[in-house]
Amino acid sequence: MKVDDRARQLLEAATSEPVAVLTNAPLLLDELNDGDSRSVTYRAMCIAARNAATMEESVEYGRLAAGAADDPILSREGVLSLSGSLAFVGRGSEAIDVLDRASVGASGLIAAQLLFQKGVVAQVSGDYETALAAYDQSRRVFEAEGQATYVARALHNLGWIYTQTGQLDAANGVLTKALEIESSLGHHMEVSGTENNLGLLASYQGDIPEALRWMASSDRIHMEYTGAVTPQHVGRSEVLISVGLYDEAAELAMQVAAGARSARRTADEAEALLVAARASLYADDSNQSSRLAVRSADLFHKQDRAIWALRADAVAVEAAYNQDGASMELLSRTKQLANDLHAADLLYASASVSILMGRIAIDLGEVKAARSALQRVSKVQGGPVELRTQKWLAAAMLRLADGDARGADSAARAGLNLLDEYQAGLGATDLRAGIERLGDQMGRIGLNLAVDSGAPRRVFQWMERTRGRALRYPPVSPDEDDSEQQLLAELRRVTADLRRVENDDNQQLVRRQRRLQEEIRASSRTTRRSTDRLTGQMRNDDLLEVLGRRTLIELGAVEDRLIAIVVHNRRFRMVELAAVPDVERALSRLRFDLRRSARLGRDPAQGRSAIADFSNLLFGSLEIAGDDVVVIPPGPLMAAPWSVLPKLSGATVTVAPSAEVWWRSASTEGRGTGIVLAAGPDLENAVSEISSLAALYPTARVFSPKDSGSEFGDALRGSAMGHVACHATFEATNPMFSALRLGDGDFNIYDLERIGRPPDLMILSACDSGYTDMRAGAELTGLTSALLSLGTKSVVASIGLVPDSRATANLMLEFHRGLAGGLPPSRALAAAQQETMADADGYIAASSFLCVGAG
C-alpha cells in the first residue's frame, strides 16, 4: 500500500498539534484521490478532533477513515480510531460491535491494536478485569514490534486502573514509564493525560503539592495545544475535594463538564458532573448534589457504564441521607452499593459507601449491620491518606457501636495524628485549613465522648484537638525573586484599576484578576514544608503556668449546645450554655444592627440592646471571675464584640482561635524593631489618624495613600509594630484574597505571608479586618489568622464596619497613648474603649475592635 507522505505526517501530528491538523487536513483531501491516503487523513482528523473539536465530528471522521481504505489493515486502523471516539461519547456497545467485526481474520500487530482498543472500551465501561487482561496481552506484542506509541498508551491506561484499584506502587511504575516514552516522542496531548494521572496518583499517596503540580502542568499543556479555555480533566477538582476546598472544586468540575458537553464528549461530561456532585455534597448543598448525581447516573446508564453509575448512585444516596435522615430503604441501598463497588475492586469508593452504611445502620440501631460495614473498612491496609483516615473513622464508629468508649477515643486520636503528619507537609495555608474536613467527624466523636465522661480537662483537650490546627504551622515563604512576587504586584495594579470609576474596561480587568488569582493559588499550593512536625506542642501545665491569674473560657459546640470550659486558679470546670442556633442568630442580628449604625451614623441603641441580649443568652448565669479574660470561641463566634459584652464588663478581654495559639503568642518574646504606619486611599480620616500617631512615634516609617504595597510589606518585615488605617475586604469565597486596600492596590494574605517575619503587634484600623471564615473542620482563614500563623504576637482588628470618623481616630490615638505608656495591647485597648464609648460614635468604634492573640 502506498500512502501519501503528507497524510502520514498529519497522523503523526494528530495528538501533538490537533488544531493544525484540522486546519490542513481538508486542504489535503482536496488533492488526494486514492482511498488509502484519504483513510489515513480522515484518521488523523478523527484523533485531532477528540482534543480540539467535538467528539461527534471525531466519530464521523472515524467512520470515513474505516470506509475509505482499500487496504484491510488501514480499514481496521480506521475502526480503531472510530471505536475510541464511540467509547468517549458513551456508545460502548457500538464500539465493541465494530471492534469484534474488524477482529475477524486479523492477526499480528493489527490484532493487538484491536485487542488494546477493546481494553479501552472495557475501561470506560468500568470492566477493569477485562481491560487489564487486554492491555497486558497487547502490550507484549507492541513491545516485540517496537510500537512505542502503543506501549505508552497501554502503560498509561494500566496506571489509571492500578490507581483506582489501590495498586499505587504498580501505578507509579507504569505511569512514569509511559511519560518517558510520550515525552521522547513529542506527543504533547498524551503527556498531558499521563501528567493528570500522575497527579491523581500523587493525591492518593497523600502528596497534595505534587498532585497539584502535575495537574497544573497537564492543564497548561492541554490548553496551550488545543486553544481550550477550560481544562479537559476533572482530576484537579478531585484533589480540591480531598483538601476541603469544595466550592472551588464544584466550580471547576462544572467548567470541565460544560467544556465536555460543548465538545460532545459525553463520557467526560458524566465524570465531571459526578465530581461536581461530590463537591456539592461536602459543601452541604444536598439539593444540588442530588440533581447532579442523577444527571451523571443517567448519562452513565446511557453509556452502558454500570460501574460508574454505581458511583453516582452512592453520591445520591448520601445526599438523600443528609436531607431526610436514615431509613431501612437507604440502608438496603447502601449495602448493595458497597457490595457491588467492592466486587468491582473499587477500594476507595466501596470504603466511602461502607462508612455511610455504618452511619445509617447506627442511626437505626442496626448494630450488626453497622459492624459488618465498618469492619470491611477498618481492615484496609495502606492506601491514600483519605482512605486511611476513613479507616480510623470506621474503627471509632465500630467501637462506639460495641460500647467501647475508650477504644473509640483511641481510634479518633489515631486518625487525627495521621492528619497531623499529612498537614505538616503542606506549605499552602488554604490547603492546611481545608484538610481538616477529613478529621471533622473524628473530632466530634472524641469531644462527645469527653463530655459524656464529665471530665473538664478531657473536654478541654478535645476542644483544643479540633481547632486552630492549621495555625500551628507557619506558611512557607517563597523566594524573593520568584514569579509569584510579580503576579502579586500585577494583581495589585489590576485591583487598583478596578476601583477607578473612569475605567470602562471592567470586564476585561475582572477576567485578568481571576486569572492572576488562579495562577497565584496554583503557585502557592505546590510548595511543601521541609519539617515534618511542629515541636513544642502545648500541655495543660504549660498553659496554666503562662495563664497565671487570668481566666480562660473555651467554648465548643456539642450537638446543638454550647459547652464552656472555664479555667481559673489552675482549676477546670465545665458549664453548659445556650443552644448554638440561638446564639448564632443573636450574633447575626447584633452585627447587622452595629453595621447599620456605623453606616448611617445613628445612635446605636438597638446595637447596645442586641449586645446585651447576646451576652445574656450566651453566658446565662455564668459568673466570670478575674480582671484578664482569654476567650477561645468556635469559628462562627469569632466575630462577636467580646470586648464590650456586659458579662465581661470591667475585664480586659483577649480573643484567640485556640488556647494553643494564645499560649504560643503569650510565650514568645517580641523581637521586632521599628514602627510602620500606613494610610490607605478613599478614607477621609485615615491620613489625619496616621499623622496623629506619627507625632507619638517620630522615628516611624510612614506610608501615604499613594505609596506601594510591596514597600509597605518590606517595611513590616521584622518590625515591632505596624498600624494600617484603610479599607479592608473579606473574601468569603476565597479568604486568601482578603486584603488591605493600599495605594497601589490590594495587599492580600499571600502578600502578608511573603514578609516572613511579621510585626510583633499589628493594628488593623480597617473594616472586617478581624473577620474570619470557618473552613471545613472549624479551621479559620482571614487577615488576623494569617498574621497569628506567621508569628505576630497580638493583632488589634475590627469585626465589623469601622466608621470613618473622628471617633475611630480618637480610639486609636488613646490606644497608642496606652501603649506608649507601657500597657500591653489588650489593656491599652480596653482603656481606650472605656475612654471613648460614652457617645454614640465612640460606642460604635469601641464595639468594633478586638485584641486577638497574646494580648
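Residues numbered from 1 in each chain as written. Predicted model: local features only at pLDDT ≥ 70, side-chain atom pairs only at ≥ 80, totals over all residues. Heavy atoms only, no water.

Student: Looking at this structure, I do not really get the overall build of the protein chain. What am I missing?
Tutor: Within the protein chain, the secondary structure is distributed over 38 helices and 16 strands. Taken over the C-alpha trace, the protein chain has a radius of gyration of 30 Å; the compact-globule value for 855 residues is 29 Å, and the two agree within 12%. Dimensions of the protein chain, computed from the C-alpha atoms along their principal axes, are close to 95 × 65 × 45 Å. Relative to its 855 residues, the protein chain shows a buried fraction of 59%. As displayed, the protein chain has an accessible area near 33,300 Å², and 47% of this comes from carbon and sulfur atoms. Across the protein chain, the centroid of the 90 positively charged side chains sits 4 Å from that of the 111 negatively charged ones. (Helix = DSSP H or I, 4+ residues; strand = E, 2+ residues; numbered from the N terminus. Rg over C-alpha atoms; globule rule 2.2 N^0.38 Å. Buried < 20%, exposed > 50% of the residue type's maximum accessible area, 1.4 Å probe, protein only. Areas by Shrake-Rupley, 256 points an atom, 1.4 Å probe, with all protein chains shown as cover. Lys, Arg positive; Asp, Glu negative; His and termini not counted. Charge placed at Lys NZ, Arg CZ, Asp CG, Glu CD.)

Student: Would you explain the packing of helix α36 (residues 806–820) against helix α38 (residues 840–847) in this entry?
Tutor: The axes of two packed helices give the description: the angle between them and the distance between them. One can describe the packing of α36 onto α38 by two numbers: an axis separation of 8 Å at closest approach and a directional angle of 55°. Here α36 is positioned oblique relative to α38, judged by the angle of their axes. Of the two possible hands of crossing, α36 and α38 adopt the one that is right-handed. Contact residues: α36 offers Ala807, Thr808 and Leu811, while α38 offers Asp841, Gly842, Ala845 and Ala846. Residues that form the contact of α36 with α38 fall into these classes: 4 nonpolar, 2 polar and 1 charged. (Axes fitted to C-alpha atoms, helices over the stretch in contact; angles between N-to-C directions. Parallel < 35°, antiparallel > 145°, perpendicular 65-115°, else oblique. Left-handed = near helix turned anticlockwise from the far one by under 90°. Contact = heavy atoms within 4.5 Å. Nonpolar A, V, L, I, M, F, W, Y, C, P; charged D, E, K, R; others polar.)

Student: Help me understand the pairing of strand β11 (residues 745–748) in this model?
Tutor: With 4 bridges joining them, strand β10 (residues 739–742) and β11 adopt antiparallel strand pairing. Counted as the bridge partner of Arg741 is Asp746 from β11. (Pairing = 2+ DSSP bridges.)

Student: Please explain the nonpolar core as it appears in this structure.
Tutor: One recurring pattern in soluble globular proteins: nonpolar side chains tend to sit buried together. Within the largest apolar cluster, 155 residues are counted, with the highest numbers of intra-cluster contacts made by Ile208, Leu431, Phe460, Leu543 and Leu552. With sequence-adjacent residues up to four places away left out, Leu431 is seen in contact with Ile208, Leu212, Val243, Leu245, Leu426 and Arg525. With 75 residues, the next largest nonpolar core counts Ile553, Val629, Val676 and Ala846 among its residues. (Core = buried A, V, L, I, M, F, W, Y, C linked by side-chain atoms within 4.5 Å.)

Student: Before we go on, may I ask you to explain the sheet that holds β11 in this structure?
Tutor: To summarise the sheet geometry, strands pair through backbone hydrogen bonds and adopt either a parallel or an antiparallel arrangement. Read across the open sheet, the 3 strands follow the order β9-β10-β11; overall the sheet is antiparallel. Edge strands, defined here as strands with exactly one partner in the open sheet, are β9 (728–729) and β11. Examined bridge by bridge, β9 and β10 share 2 bridges and lie antiparallel to one another. Looking across to β10, one finds that Ala728 is bridged to Leu740.

Student: Would you mind showing me how to read a negative patch on the surface here?
Tutor: Side chains of Asp247, Glu251, Asp284 and Asp285 sit close together on the surface and give a patch of like negative charge. Relative to the helices and strands, Glu251 is located in helix α14 (residues 246–262). (Patch = residues over 30% accessible without salt bridge, like charges linked within 9 Å, V, L, I, M, F, W, Y side chains within 5 Å. Salt bridge = Lys/Arg side-chain N within 4 Å of Asp/Glu carboxyl O.)

Student: Hey, could you run me through the pairing of strand β4 (residues 628–632) in this one?
Tutor: If a strand is regular, its side chains alternate between the two faces of the sheet. Buried residues dominate β4, accounting for 5 of its 5 residues. Inspection of the sheet shows strand β1 (residues 551–558) paired to β4 by 4 bridges, in the parallel sense. Across the sheet, the residue bridging to Thr551 is Val629, located in β4. In this sheet, strand β5 (residues 652–655) lies alongside β4 in parallel orientation, the contact comprising 4 bridges. Counted as the bridge partner of Asp628 is Thr652 from β5.

Student: How should I be thinking about the packing of helix α26 (residues 483–498) against helix α27 (residues 506–525) in this particular structure?
Tutor: Taken N-terminus to C-terminus, the directions of α26 and α27 make an angle of 155°; their axes are 9 Å apart at the nearest point. Looking at the two axes, α26 sits roughly antiparallel to α27. Handedness of the crossing formed by α26 with α27: left-handed. Within the contact between the two elements, α26 uses Glu484, Leu487, Leu488, Glu490, Leu491, Val494, Thr495, Asp497 and Leu498 and α27 uses Asn506, Leu509, Val510, Arg512, Gln513, Leu516, Gln517, Glu519, Ile520, Ser523 and Ser524. Classifying every residue of the contact of α26 with α27 by side-chain character gives 9 nonpolar, 6 polar and 5 charged.

The values reported here are purely geometric and, on their own, carry no functional implication.
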